[in-house]
Amino acid sequence: MPSSEPRPSQGMTVGRQGDGPALEVRNLVKHFPLTKGIVFKRTVGQIQAVDDVSFELYPGETLGLVGESGSGKSTVARTLLRLHEPTSGEAIFQGQDLFKLSASDMRAARRDIQMIFQDPYSSLNPRMTVGDIVAEPWRIHTGILPRNEQRGRVSELLELVGLNPDHINRFPHQFSGGQRQRIGVARALAVNPSVIIADEPVSALDVSVQAQVVNLLEDIQEEFGIAFLFIAHDLSVVRHIADRVAVMYLGRMIEVGTEEQIYERPVHPYTQALLSAAPIADPKRRAESERILLEGDLPSPADPPSGCRFRTRCWLFNQMRDEDEATGGNRTEKCITDDPRLEDGGFDHPSACHYPQERHIIASAEVDRVAAVRPDDSKMVVRDDREIEDAVKKEEDAQIEAAEAKHVEALESRKAKTIDET
Ligand SMILES: Nc1ncnc2c1ncn2[C@@H]1O[C@H](COP(=O)(O)OP(=O)(O)OP(=O)(O)O)[C@@H](O)[C@H]1O
Ligand code: SF4
Ligand SMILES: [Mg+2]
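Presented here is a report on the structure given in the accompanying data block.

Here is what the cut-offs are and how they apply
Residues numbered from 1 in each chain as written. Chains lettered and ligands numbered in written order. Predicted model: local features only at pLDDT ≥ 70, side-chain atom pairs only at ≥ 80, totals over all residues. Helix = DSSP H or I, 4+ residues; strand = E, 2+ residues; numbered from the N terminus. Buried ≥ 20, exposed ≤ 12 C-beta atoms within 10 Å, placed from the backbone. Contact = placed C-beta atoms within 7 Å. Near = placed C-beta within 6 Å. Nonpolar A, V, L, I, M, F, W, Y, C, P; charged D, E, K, R; others polar. Pairing = 2+ DSSP bridges. Axes fitted to C-alpha atoms, helices over the stretch in contact; angles between N-to-C directions. Parallel < 35°, antiparallel > 145°, perpendicular 65-115°, else oblique. Left-handed = near helix turned anticlockwise from the far one by under 90°.

So, about the overall build of the chain. Scanning the chain for helices and strands turns up 13 helices and eleven strands. Per-residue burial over the chain gives 42% buried out of 422 residues. For the chain, the share of sequence-separated contacts (at least 6 apart) that also reach a separation of at least 24 residues comes to 72%.

This paragraph deals with the site of ligand 2. As a structural note, the neighbourhood of ligand 2 is formed by P269, C308, F310, R311, C314, L316, F317, C335, P340, C353, H354 and Y355. Residue composition of the shell around ligand 2, by class: ten nonpolar, one polar and one charged.

So, on to unusual backbone geometry. We note that N192 has phi near 45°; this positive angle belongs to a residue other than glycine. Within the secondary structure, N192 is located in the loop between α5 (177-189) and β7 (195-199). N192 gets classed as partly exposed once you count the C-beta atoms within 10 Å, which come to 13. Of note in this structure, E200 is not a glycine but carries a positive phi near 50°. Structurally, E200 is set in the loop between β7 and α6 (207-224). By the C-beta count within 10 Å, which is 23 here, E200 ends up buried.

With that out of the way, let us pick up the sheet that holds strand β5 (residues 96-97). A sheet is described by the order of its strands in space; here four strands give the open sequence β2-β1-β4-β5, paired in antiparallel fashion. Strands with a single pairing partner mark the edges of an open sheet, and in this sheet they are β2 (42-57) and β5. Both strand β4 (residues 88-93) and β5 contribute to a ladder of two bridges, which runs antiparallel. Bridged to F93 within β5 is Q96.

Quick look at the environment of V256 now. Along the chain, the position of V256 falls in strand β10 (residues 252-258). Counting along the chain gives 15 residues from V256 to T271, while the straight-line C-alpha distance between them is 9.9 Å.

Counting buried positions over the five residues of β7 gives five, a clear majority of the element. Burial of β7 is two-sided: the residues V195, I197 and D199 facing one way and the residues I196 and A198 facing the other way are all buried. Note: β7 against strand β8 (residues 227-232), five bridges, orientation parallel. When the bridges of β8 are listed, I196 appears paired with F228.

Our next topic: the packing of helix α3 (residues 130-140) against helix α4 (residues 147-160). The N-to-C vectors of α3 and α4 enclose an angle of 115°; their axes lie 10 Å apart at closest approach. As summarised for this structure, α3 and α4 are arranged roughly perpendicular, according to the angle between their axes. Viewed along their axes, α3 and α4 form a crossing whose handedness is right-handed. Contact with α3, carried on its side by G131, V134, A135 and W138, involves Q150, R151, V154, L157 and L158 of α4 and no other residues of that element. Taken together, the residues of the contact of α3 with α4 sort by class into six nonpolar, two polar and one charged.

Here we come to helix α9 (residues 269-276). With eight of its eight residues buried, α9 lies for the most part within the structure. Within the span of α9, buried status applies to P269, Y270, T271, Q272, A273, L274, L275 and S276.

Turning our attention to helix α1 (residues 73-80). Of all eight residues making up α1, eight are buried, and the element is well covered by its neighbours. For α1, every residue scored as buried is listed here: K73, S74, T75, V76, A77, R78, T79 and L80. One or two residues past the end of α1 sits R82, with phi positive at roughly 60°.

Printed below as a string of C-alpha cells:
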C-alpha cells in the first residue's frame, strides 16, 4: 500500500482469551504542531509522535511498551489520560470512549486508571508527609474512604508495598529512590484502580533496586488483578514482568506478541536489533551472542521516512539491498514506497514488516534483567491530576523547545535536499 494512502487499523492484537479488554485503544494518533519563530510562531509541520497505534490491555495482564527514546511511549500514556488531547482515535474503557468524556467524567475515570511515572523535574511533594501523600487521592476522589479510616488504611498500604508504617510521618527526602517509588505505588493503589500506567517506573533506580520494585509491582498485580501498561526503554526490564510486549518505533507499533513470541521468536528487524542490544552480564554468553548494530539516530517524527519508517536503520534492508545489487533484484523498493501494516505475516503474532522472519537472538536464560542506569534515583513520582498536569506542562515546554529546533532542522534539511535534487 502506498504510504500516502490512509491506513486501515493497525490494531491486530493478541491477548488473554476469555476476558474482554480492560482498555482498548484504536487507531490512536497524536500529532503536535511544529512551530517556528519566537514572537510570531507559525506552524511549519506536524510532529507525528503517535501515529495509528492500536492495542488491547486485558484485566490482570502486564503489557510492556518498549522503544527507544522519542518513539512515542509517553505520548501514548499521556494521551490516554487526556493529559494531551488526542488528534484522533478511540480509547474504550468500561464501555466508554475516554476521548469523548467531559472533564468531570474524565476526572472520575482517572480514579480507575492510575499513572506512575518518572518526572525529571521534581520529586514527591517535599512538604507533605508520606501519610498525607498516600491519603491524598481520597481527598481528590471523595467518598471512597471515611476520614477516620484513612490513617489505618495508609499504614496497611505502606506495609503492603514493603515500607515501615511507623514512617508515616516522615517526609519524602527521608527515603531512598526505591522507597519513594514504593510510596508512589501505595498512593496509586489507594483508589483500587483497574489499570495502572507505569511510565518508566524503574529506569531512574539503581539496578539493584529495579528488580525489587519490579517484583513488588508483579506481586501487587497478582494480588489485585490490575492491568498494567508498563513502559520501558529496555526489553530486558519488561521481560521479567510482561505477559505481552508491544514494540514501538517512531510513533508506530511494529511488533506485538507474548513474552515468549517477542523474546524467543521476534520477527521484526527492529525488535531483533533491540534484543541483540540487551546487556548480557556473563562474558561467555556475551561473546557467543549475536550483535545486530542499530545504526544512527531515530529520524525526526516531523519528517518520517517514506514507506517503512524503520528503513533508514534497518539491517535487513541493507542486507537485501546489497544482495539485490549483485543479483539484479529489487526487494527494497517495497520498503521505500509501501508503509507496512501491523499484521500477521505468516508467523503467529503481528509485525509491521514486508519481510518478517524469525530470528533467535539470545535464549531466554541469557537475557539479564539489567536496565540502563540513570544517575539520579530520586525523581520517581506519583501525583494527583492537577500536579500531573502542571508537571507535564513544565516538562512539555522544555521538551518542545529542545525538540522543535531539531525537528525544524530535519524538515528544512529535507526541503533543501529536495530543492537540490530537482
Ligand atoms: N508536548 C509536546 N510537544 C511537541 N512534541 C512533543 C511533545 N511531547 C512529545 N513530543 C515529541 O514526540 C515524540 C515522542 O515523544 P515521547 O516523549 O512520547 O517519547 P518516549 O518514547 O516516551 O521517549 P523517552 O523514552 O525519552 O521518554 C518526540 O519526538 C518528542 O519530542
Ligand atoms: S519493511 Fe523493509 S525496511 Fe521495514 S523493517 Fe521490514 S525489511 Fe526493514
Ligand atoms: Mg517517555
